[in-house]
Structures are given as structure tokens and as C-alpha cells.
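# A closer look at the structure
Below, each chain spelled out in residue letters.
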Amino acid sequence: MNTTDNLYKLDGKVNVGKAIPFGLQHVLAMFVANVTPIIILAGVVIQDPVLTARLVQNAMIVAGIGTLVQLYPVWRIGSRLPVVMGISFTFLSLSIAIASSQGMGTLMGAVIAGGIVEGLLGLFARYWMKIITPIIAATVVSGIGFSLLPIAANSFAGGQGAADFGSSQNWIVGTVTLLSCLGFQVFAKGYLKSLSILCGLVIGYALAAIMGMVDISFEGVEVVALPKFVPFRPEFHLGAILSIICIYLVSATETIGDTSDICESALKRGAKPGEISGSIACDGFISTVAGLFGCTPITSFSQNAGLLTMTHVVNRFAIGCGAAIMLVAGLFPVFGTILTSIPQPVLGGCTIMMFGSIIYSGFYMISKRRFGKRNMKIMSLSLSIGLGFSQVPAVFNVFPGMVKTVFAENCVAIIFILALLLDLVLPEEKEDMAE
């Protein structure tokens, strides 16, 4: 029997008509963030509009494949949870550095090899997962939320580098979108309440169109286009591979945090070892697939974890419809053109509340255990140094180039390393041992 209540069940039976809007909501929440790393990398290194368009197309296809594998695992690869995958921002600065100095072939070789390493780590996670304690996962989740806030704020104001950045019309559209999302979340009932982000986005988009802010053109856009496989011949160089593997370890921790967040906040239970293992394995092996499509590594998307926390719509089939939409967007460039026409202030208004919910999720995860003095020290010191130092990249000038590339402006990497070290060295206190 198809009921709206089944949307809030992992394996509830939901018809396509009800599932598609919720899947589309997830696509709209992550679409721009999924393609932006590729657009930035291509703008710096490739500078070829045609090839860039093909890579954007590939990014959507890879995101769709990764999400489907998370939802419907292949052997032990995948979590069977509503984890939405997309191209990671975490690798962007290092990817630009490698591709600029050694070429895209070397970068793709490192992405492919590093993905295999992370995938194997996922399959054997039971041997090392104990070192990633709840306080580490909770701290990383909150750090991810904090790191995403500037992205939402930049979008709210019009997008970094926009000529009208911070203009009154951007403020109006962003504010109306945000208030619409909040209004539906607070006052709507049932179905519409769970679609609060999509409803807010539609209202914001309509207002932006009325104000002349929507720029969409289908001139020269192909109706159907197959993805370009192996656009760069992979080259394998040890230095580049080792550098990328360092970031893969951070990405694995982000995935652990996101998977734990989804289970704790949306499913109201702890994550199972097999779910964590499968989630990391998918993160790694699908990143290898991403490299074969000329894309940088894929990872779980925290904004979508935040959306699940807000709506509690965890149905695998509904999220799977979103993955199917991503695949369609990759095969039909016209569809992607429509999605990319969403103005930045609309996206900012939609995402800023979701990113805040990720921060809350991190604190919620640790509050379910104990806010003891030891946990307070780990979380507060890791967040303050990670968030503070990443705002002043020059503080890392004393370190070798590789260290600076990995940690400067990458607060999640700093937060992870510090939380791990502090958790290993700080002694247990009596009140913490009583948890």
C-alpha cells in the first residue's frame, strides 16, 4: 500500500509520482556544489569550454552512479542508506596544484589509485574503525557544517566574483527564499512540510525570474550526448598519489561523519559497522570511476545529510529517483542547462539553513553520549584551531609545500587530525568514564 508515511521509512513502498519531488529536492540541493569543483578546476587548468561541458556532464553521471551504489550496494560496496554522493570540494586545491604542475593525466592517475586505496580501507574498516570514536565523528560533522557556511553566504549574496555581489536584489531573493523554506518547514503540514526546501526554491526561482535574474539559453545545447570516457590518459606518479591519499583519509572521515549523522539524526539509531564500511568503500571505488570519467573524487554530500535531518524523508526509492534524475541530467544536457539556471541567491537561501542543521547534528551526536570535560576539550580545540587557522593560510608558510597544500584553507583536514590526536593522547576523566 502506497502511503505518504512510507517516505519516512527506509524501505517503504512509494509510487513514482510521490518519490520524484523528493528526489528532485536532493538534486537541487547538491547540483551546483557537485559541478562547481569541476568548473573551477577546468577554468584554471583546461580552459576549453567544450571539454569543460563534457566534464560537467560526467560529474552528474558519476554522482548518480555513486548514489545508486550507496542505496543499492554491489557486494559490500555501498551502505544501503540514503547517502547522496557528489564531487568533493575537499580535493579541489590539491587537484589544481597537481594538474597545473604535472598535468591532468597525473591527477587522474592519482585519483584512480587513491580511490582504490580508500575502497580497500572501507572493505577492511573493522580493523581500524575503533580509532574513529564518536567524538571524532561528531567534531568532523560540525566542522563540515561550519566549512560550508561561507559557500551558502557567498551564494546568498550572488556568488563569489559576481558583478552584483551583495546587491539589494540578491538580498531580496535570498531572503524571500530562506523565509519561504522556513515558512513551509514551520507552518506546512505533511507532504509540503517535507518538501519545504523544494517549495522555497520554486518560490525563489519564480521571484528571480520576475526580477529578470534568470538567464537560460538552449542555443547550441545538444538534446542527447553520451559521456566522454577516459578524457585524459592516466599517468601514475608516486608523489601525486601519496598527496591525494592524504586527502582521501580526510574524505573517509567526512563519509563516516555523514553516515553517522544520517543514522543518528534521520533514522534515530547508531550506524552499523557494515554500513560505515560499505559507505567508505563506495566513496573510494566510485572515486576511481570518477577518475576514469575525468573527474576529481566523489564523496558523501553533507548538505543532503542536512536535508535528511530536516525532512526525515529517508526512503531509498525516493532518493534513488534523485540519482536517476542526476543520470538523466548527464545524458540530456538540456536538463542540466535548466538546473544550472537557478540563480545563486536562490541556492544560498535554500542551503544556509541546511548547513546550519549539519552543525546542530554534530552537537546532537555528542549530546546523546555526554558533554564531558574531555569531549569539550577535543571538540572546542579541534574546531577553533581548524576553523581559525584555515582562515589565515599564511600561517602554514613554514611547512613544506605538500603540508601547506593539504591543510591550508582545508579546515576539515585540520579538525580531523587534531580530533584524532587529542582523542588518542588526552587521558580519560572520571565523569567521561561514567558515560
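Data block above holds the structure.
Residues numbered from 1 in each chain as written. Predicted model: local features only at pLDDT ≥ 70, side-chain atom pairs only at ≥ 80, totals over all residues. Heavy atoms only, no water.

## A short note on the packing of aromatic side chains
Within the structure shown, the criterion is met by six aromatic pairs. An angle of 80° between the planes, with centres 5.3 Å apart, marks the rings of Phe-156 and Trp-171 as edge-to-face. Taken as a pair, Phe-156 in helix H5 (residues 134-156) and Trp-171 in helix H6 (residues 168-187) lie far apart in primary sequence, 15 residues in all. Residue Phe-156 is classed as buried on the basis of its relative accessible area of 10%. Relative to Phe-396, the ring of Phe-389 has its centre 6.5 Å away and its plane inclined at 75°; by these criteria the two rings are edge-to-face. For Phe-389, a relative accessible area of 38% gives the class partly exposed. Pairwise contacts between aromatic rings join Phe-389, Phe-396 and Phe-399 into one cluster. Positioned over the ring face of Trp-75 is Arg-76, at 5.2 Å from the centre of the ring. (Phe/Tyr/Trp six-rings, centres within 6.5 Å; stacked < 30°, edge-to-face > 60°. Helix = DSSP H or I, 4+ residues; strand = E, 2+ residues; numbered from the N terminus. Buried < 20%, exposed > 50% of the residue type's maximum accessible area, 1.4 Å probe, protein only. Lys NZ or Arg CZ within 6 Å of the ring centre and 35° of its normal.)

## What to know about empty space enclosed by the protein
Using a probe with the size of a water molecule, rolled over the atoms, empty space left in the structure can be pinpointed. Here the structure, examined in full by the defined rule, presents one cavity of 30 Å³ or more. The computed volume of the largest cavity comes to approximately 40 Å³. Lining the largest cavity we find Gln-25, Leu-28, Ala-29, Ile-197, Leu-201, Leu-347, Cys-350 and Thr-351. Class assignment of the residues belonging to the lining of the largest cavity gives a composition of six nonpolar, two polar and no charged. (1 Å grid on protein atoms, 1.4 Å probe; cavity = no way out; pocket = protein on both sides within 12 Å on 5 of 7 lines; lining within 4 Å. Points joined across faces, edges and corners; volume = space filled by probe spheres on them. Nonpolar A, V, L, I, M, F, W, Y, C, P; charged D, E, K, R; others polar.)

## Structural notes on helix H14 (residues 344-367)
Three or four residues apart is the spacing at which side chains of an α-helix point the same way, because the helix has 3.6 residues per turn. Here H14 is 24 residues long and its end C-alpha atoms lie 35 Å apart, about the 34 Å a rise of 1.5 Å per residue gives. The largest bend in H14 amounts to roughly 30° and is located at Thr-351. (Expected span 1.5 Å × (residues − 1). Bend = angle between axes of the 7 residues up to and from the residue.)

## Structural notes on the environment of Glu-222
Structurally, the position occupied by Glu-222 is in the loop between helix H8 (196-210) and helix H9 (238-266). Judged by relative accessible area, Glu-222 falls into the partly exposed class, the value being 43%. Linking Glu-222 and Leu-331, residues 109 residues apart in sequence, is a C-alpha distance of 9.8 Å. Those residues within four positions of Glu-222 in sequence are excluded, and the remaining contacts are Arg-54, Pro-333 and Val-334. (Contact = heavy atoms within 4.5 Å.)

## A look at unusual backbone geometry
A negative phi angle characterises most non-glycine residues, just as the trans form characterises most peptide bonds. Phi at Trp-75 is positive, roughly 60°, even though this residue is not glycine. For Trp-75, a relative accessible area of 64% translates into the label exposed. Positioned with a positive phi, Lys-268 is a non-glycine residue whose angle comes to about 60°. In this fold, Lys-268 is placed in the loop between H9 and helix H10 (273-292).

## A look at the layout of surface pockets
Its boundaries defined by the atoms lining it, the second largest pocket holds a volume of some 450 Å³. As for the second largest pocket, its lining consists of 20 residues, and the residues nearest its centre are Ala-53, Val-56, Gln-57, Pro-333 and Thr-337. Breaking the lining of the second largest pocket down by element, the ones donating at least two residues are helix H1 (16-45), helix H2 (49-71), helix H12 (316-331) and helix H13 (333-340). The element best represented in the lining of the second largest pocket is H2, accounting for seven residues. Classifying every residue of the lining of the second largest pocket gives 12 nonpolar, six polar and two charged.

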